[in-house]
Amino acid sequence: MILIKLITMKRRRIVVAAGFCLAFFLGTLMNLLYIPGFEHHQNHDHRVHRYYHEKQQQVTGDSQLQIGESVTEAVAESNSKPAVGSRHHQDLLLQIRERFDEVVRYRQRQAHGSGTGDPVRQLERRRLMDSEPGDNWDPIKVIERTENRQTHFQNRLSPSIYMPTASRKDFTMTLSSVNGTPMLGCSSIDNVTNVQYLGSGYTKAVYKASLNNSLSVALKSVDFGGHDMENCVKKYGSPGDCYRLASFKIVKEMTLMERLQHPNILKLYGYCYQDSNDIQDTVTAITELGSPLEMIQLLQTSWEERFRICLSLVRLLHYLAHSPLGSVTLLDFRPRQFVLVAGELKVTDLDDASTEEAPCSPSDCIMEFPARNFTLPCSRGRCLGINEKRNLYNAYRFFFTYLLPHSAPPTLRPLLDKIVNATGELIWGIDETLLQLEKVLHLYRNGFYLQNSTQTHITDYKHVVDASIPEENYRCWPSYQHDGCLLSVFSITEAIGVCERHAQCQAFVVTNQTTWTGHQLVFFKTGTASLSSAKGRVTYVRVGS
């Protein structure tokens, strides 16, 4: 009898457990289907297209950029936020606080750091820290105010204690201009045209737009259908607070763009805050526009341009290793985080940058990568030089191995191989790496890479001033022009050597254009049938064999 009762009780428990699992599954399914603001990524392209084109995402009469009906309606439907004291919601508020504190730390370093001697632009802080007007923003006072409010933190529904929401539609920098360039605000993007979706990551969506039909800029904003927003809303059910959490990544990036002034860091032109229906203070960063870095295309470009990218990168990493904020590491170091602006490499994503060096004990300071690990010295509880070395090794594995040695001038290859090997083994630091790359630039720019410069050529050439050959093209690799053979040379002697190595070459045209190193661009031709007048160009024609 007792055995029968035990079996009956066990069956009841199994039925209850099964019912609980079924209820949990159905609840999860309903959340996925009806959670506010939740959209699958496969609809992302259509959504952003509708956002900026069908809804004409421009500032309306009240100077507000519209979010778009689909997102707005989803947010409006979210009236069931978690209870004020719920553990989940407190976790969300804690994450917001942590990101807020991170921005404050960068502000503190900006206010008290020695810097580089150049005046540094400062973002208007109203939406970040406090509501005090004017230029007298003090991060220490902000921290004191927020700490005094900490006792109320557990009882507040949103992090508005840190981000006051008094409305103002246009914000200006503390300085009206930097390096002679006026800063942009909400009024600058009132009538943007030619808006084009460029792409998105976990947090941000990026758009290309034209201001006044002249200046092309990039607009960065929180992607409401992105990974971060979707997961946050799914977990916490609070679109407003999830937006706050995501937006601090943009705020951090703007802060670092303001603080870290370098030619290889994307320029911040300005920013705009506006209230968008149920979400207050949505932020849009206005930045310099660059072209995405396509590694396959780069492999098809000239060595000179690929070397420029590597040199730009090392100059950037050298600056980050010695920046006013201390040693800065790029935690999300991938080619997609960089763009090209007029041939110069620039980092565009700084929201995952960090100045913190990993903690360690004397025996566990290890830097791990997919292919290998490195053991670093542990000094005063921190991995010594880990930020610099992580950046340098990532530069090696993503850039140097593919771009540096391939099709380089033969006399430069031993030095380039040495650079690649030394960075791959982390034998050199960033200072020595930059020194060696600058040496390569010096050798190349001044023609010291040329071999047998005193040798005589096997053919003679006659030159025709102010003349060119529009046709008679042939393809060579690597060429600056896909349908012809356009190469850069240091001198006429080098151009003659190239022509003699190409069996098709019967002439070449020296243009009046130069590359970034000062080398001249030269067209190599198969004949002279289309020889014609061209001001500023000189044509050399083979007259013997």
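Here's what I pulled together on the structure shown here.

Reading guide: rules and limits
- Residues numbered from 1 in each chain as written.
- Predicted model: local features only at pLDDT ≥ 70, side-chain atom pairs only at ≥ 80, totals over all residues.
- Heavy atoms only, no water.
- Helix = DSSP H or I, 4+ residues; strand = E, 2+ residues; numbered from the N terminus.
- Buried < 20%, exposed > 50% of the residue type's maximum accessible area, 1.4 Å probe, protein only.
- Contact = heavy atoms within 4.5 Å.
- Areas by Shrake-Rupley, 256 points an atom, 1.4 Å probe, with all protein chains shown as cover.
- Core = buried A, V, L, I, M, F, W, Y, C linked by side-chain atoms within 4.5 Å.
- Pairing = 2+ DSSP bridges.
- Axes fitted to C-alpha atoms, helices over the stretch in contact; angles between N-to-C directions.
- Disulfide = S-S within 2.5 Å.
- Parallel < 35°, antiparallel > 145°, perpendicular 65-115°, else oblique.
- Left-handed = near helix turned anticlockwise from the far one by under 90°.
- Nonpolar A, V, L, I, M, F, W, Y, C, P; charged D, E, K, R; others polar.
- Salt bridge = Lys/Arg side-chain N within 4 Å of Asp/Glu carboxyl O.

Each helix and strand counted, the protein has 13 helices and 21 strands in total. Here the protein holds 545 residues, and the buried ones make up 48% of them. Of the contacts made within the protein by residues no fewer than 6 positions apart, 69% connect residues no fewer than 24 positions apart. Accessible surface for the protein amounts to roughly 27,100 Å². Of this, 52% is attributable to carbon and sulfur atoms.

A separate point is the nonpolar core. Residues Met254, Leu313, Leu320, Phe338, Phe399, Phe400 and Leu404 are the most contacted members of the largest nonpolar core, which totals 90 residues. Among the elements that line this core, the one with the most residues is helix α9 (residues 303-321), at 12 residues. The residues touching leucine 404, leaving out its near neighbours within four places in the chain, are Trp303, Phe307, Cys310, Phe399, Leu416, Ile419, Val420 and Leu437. Core analysis: the second largest hydrophobic core is formed by 16 residues, Tyr474, Cys485, Val489 and Tyr540 among them.

This next bit is on the sheet that holds strand β3 (residues 193-200). Spatially, the five strands line up as an open sheet ordered β3-β4-β5-β7-β6, and their pairing is antiparallel. Each of the sheet's edge strands pairs with one partner strand only, and the pair in question is β3 and β6 (268-276). When the angles between neighbouring strand axes are averaged without regard to direction, this sheet yields 25 degrees. Pairing between β3 and strand β4 (residues 204-211): five bridges, direction antiparallel. Within the sheet, the bridge partner assigned to serine 200 lies in β4 and is alanine 205.

A full pass over the atoms with the stated rule returns six disulfides. Residue cysteine 232 pairs covalently with cysteine 242 via a disulfide, S to S 2.0 Å. One quick way to see it: the torsion about the S-S bond of cysteine 232 and cysteine 242 is about -85 degrees, and its sign makes the bridge left-handed. Remark: cysteine 242 occurs in helix α7 (residues 239-259) and cysteine 232 occurs in helix α6 (residues 227-236); sequence separation between them is 10 residues. Accessibility expressed as a relative area gives 8% for cysteine 232, which makes it buried. Assessed through its relative accessible area of 1%, cysteine 242 is described here as buried. In this model cysteine 499 forms its disulfide with cysteine 505; the gap between the sulfur atoms is 2.0 Å. With the S-S dihedral at roughly -100 degrees, the linkage between cysteine 499 and cysteine 505 falls on the left-handed side. Cysteine 505 shares its class with cysteine 499; the two are buried.

Among the six residues that make up strand β20 (residues 520-525), five are buried, leaving the element largely enclosed by the rest of the structure. Bridge count for strand β18 (residues 485-489) against β20 is five bridges, and the pairing is antiparallel. Within β20, the position partnered with cysteine 485 by the bridge is phenylalanine 524. As paired strands, strand β19 (residues 507-514) and β20 are joined by five bridges and run antiparallel to one another.

Okay, the packing of helix α11 (residues 413-424) against helix α12 (residues 430-445) next. Between α11 and α12, the least distance of the axes is 11 Å, while the angle of their chain directions is 165 degrees. Viewed along their axes, α11 and α12 adopt a mutual orientation that is roughly antiparallel. With respect to the hand of their crossing, α11 and α12 are arranged in left-handed fashion. On α12, the residues touching Leu415, Leu416, Ile419 and Thr423 of α11 are Thr433, Gln436, Leu437, Lys439, Val440 and Leu443. Split by residue class, the contact of α11 with α12 holds six nonpolar, three polar and one charged.

In space, the five strands of this open sheet follow the order β17-β21-β19-β20-β18, with antiparallel pairing throughout. Two strands bound the open sheet, and with one partner strand each, they are β17 (461-468) and β18. Across this sheet, the average inter-strand angle for adjacent strands is 30 degrees, counted without regard to direction. Each of β17, β18, β19, β20 and β21 (532-542) is contacted by helix α13 (residues 492-501), which is oriented at about 140 degrees to β19, the strand it contacts most.

A word on the pattern of salt bridges. Overall, the coordinates contain 15 salt bridges when judged by the stated rule. Residue lysine 204 is joined to aspartate 349 by a salt bridge in which the shortest nitrogen-to-oxygen separation is 3.1 Å. With a gap of 145 residues between them, lysine 204 in strand β4 and aspartate 349 in the loop between β11 (344-347) and β12 (353-354) connect regions that are remote in the sequence. With its nearest N and O atoms 2.9 Å apart, the salt bridge here joins glutamate 425 to arginine 372. Of this pair, glutamate 425 sits in the loop between α11 and α12 while arginine 372 is found in the loop between β13 (366-368) and β14 (373-375), placing the two residues 53 residues apart along the sequence. Taking relative accessible area as the criterion, glutamate 425 reaches 43% and is therefore assigned partly exposed. Counted as one network, the salt bridges with shared partners bring together Lys204, Lys220, Glu253, Asp349 and Asp351.

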